[in-house]
Amino acid sequence: MAISASNSFGTRDILQVGAQSFDVHRLEILEKKGIATLAKLPFSLRILLENLVRCEDGRFVRADDIRSLAGWTPGAPQREIAFMPARVLLQDFTGVPAVVDLATMREAMERMGGNPKRINPLFPAELVIDHSVQVDSFGSPNAFGLNAELEFQRNVERYAFLRWGQIAFHNFKVVPPDTGICHQVNLEYLARVVCAVPSGNKFEAYPDSVVGTDSHTTMINARGLRLGRRRHRGGSGHARTAVLHAGARSRWIPATRKSA
């Protein structure tokens, strides 16, 4: 993500780690200016506040949004903010339609005479194929291999499409079938905890955060906010979950509403 264009509160600073320097945004500066009292702000909201000051652009994130969240108190009126996650976690059941949308947008861009390669996920997106498992064989040493082979036969077109998407799109990766479920893979391989990304001739560092298309996305030493309904009537309970890696125990903050 690009560094904030506005930085109207002067929170941008340099963090030196050995020989490497990182651009960061320090919330202590807001406190010194009397805008925030960090001791009264839940860890979850501190992560969101850092997100706002880093993404301030005067359009989607305004100085007033930052002041409002910095001054949050229990029972305060709800207010939507533009939360920009560090990454997006998808699983195949709900993620494939998103890839279809991107492919359709590329096709439309080409018809209009534009460059279809400009259509890519804005944030790093990772899709885990883990919702296509069926148990046809069990109780034998070769059961896993037989089930995996049948799974590929049943889903060959969909898997080929996702393979194409991984090659075609920037910021998009696919975790192949039969390598682990969405929550385990997120926990063991995908979570960054701290993101360090190139920004010009420097690096920018900020806390990891993820919006996932599953109702119980694994949290890694984190605090989480649930987005949307936990369970739809007659549905499977899937909902978007924002996980904010704040270096603390997981906790739901149901009174805070976000706009992802």
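Starting from 1, residues in each chain are numbered consecutively following that chain's sequence as written. Confidence filtering applies because this is a predicted model: local features only for residues at pLDDT of at least 70, side-chain atom pairs given and counted only at 80 or more, and all residues used for totals across whole chains, interfaces and linings. Excluding hydrogens and water, the side-chain figures rest on all heavy atoms present in the structure.

Student: An account of the environment of Lys202 is needed here, citing residue identities and associated values.
Tutor: Think of it this way: any DSSP run of H or I at least four residues long counts as a helix, any run of E at least two long counts as a strand, and we number them from the N terminus. Within the secondary structure layout, Lys202 lies in strand 7 (residues 202–207). Each residue gets one of three labels from its accessible area relative to the maximum for its type: buried under 20%, exposed over 50%, partly exposed in between, using a 1.4 Å probe on protein chains only. Classification of Lys202 as partly exposed rests on a relative accessible area of 37%. Expressed as a C-alpha distance, the spacing of Lys202 and Phe22, which sit 180 residues apart in the sequence, is 6.7 Å. In this analysis, two residues are considered to be in contact whenever any of their non-hydrogen atoms come within 4.5 Å of each other. With near-sequence residues (within four places) excluded, Lys202 lies in contact with Ile14, Asp23 and Val197.

Student: Lay out helix 2 (residues 43–55) in plain terms, naming residues and giving numbers.
Tutor: Helices are assigned an expected span. That span is 1.5 Å times one less than the residue count. Between the first and last C-alpha of helix 2 there are 19 Å, a value that for 13 residues agrees with the 18 Å anticipated at 1.5 Å per step. For helix 2, a buried count of 11 out of 13 residues is recorded, marking the element as mostly surrounded by other parts of the structure. By the burial criterion, the buried members of helix 2 are Ser44, Leu45, Ile47, Leu48, Leu49, Glu50, Asn51, Leu52, Val53, Arg54 and Cys55.

Student: Can you explain the confidence of the model for the chain? Please cite residues and give values.
Tutor: The share of residues in the chain with pLDDT of 70 or more is 80%, and the mean pLDDT across the chain is 83. Confidence over residues 245–260 falls short of pLDDT 50; this stretch has 54 contacts with residues more than four positions distant or in other chains. Confidence scores per residue from the predictor, reported as pLDDT, run from 0 to 100.

Student: Break down the nonpolar core for me, with residues and values.
Tutor: Counting 36 residues, the largest nonpolar core has Leu30, Leu49, Ile66, Leu69, Leu127, Leu162 and Phe172 as its most contacted members. Within the residue set of this core, elements represented by two or more residues are helix 2, helix 3 (63–70), strand 3 (87–91), helix 4 (92–111), strand 4 (125–128), helix 6 (156–168) and strand 5 (172–175). Looking at this core element by element, the count peaks at six residues for helix 2. Non-local contacts of Leu49, meaning those with residues more than four positions away in its chain, are made with Leu27, Leu30, Leu41, Ile66, Leu69 and Ala70. With seven residues, the next largest nonpolar core counts Leu89, Val175, Val185 and Leu190 among its residues. We call a set of buried Ala, Val, Leu, Ile, Met, Phe, Trp, Tyr and Cys residues a nonpolar core when their side-chain atoms join them within 4.5 Å.

Student: Account for helix 3, with residues named and values stated.
Tutor: Where helix 3 is concerned, the buried positions are Asp65, Ile66, Leu69 and Ala70. Take helix 3 and look down its axis: the buried residues cluster within an arc of 125°, on one side only. In this structure, the buried side of helix 3 is in contact with helix 1 (28–32) and helix 2. By definition, the arc is the one covered by directions from the helix axis to the C-beta atoms.

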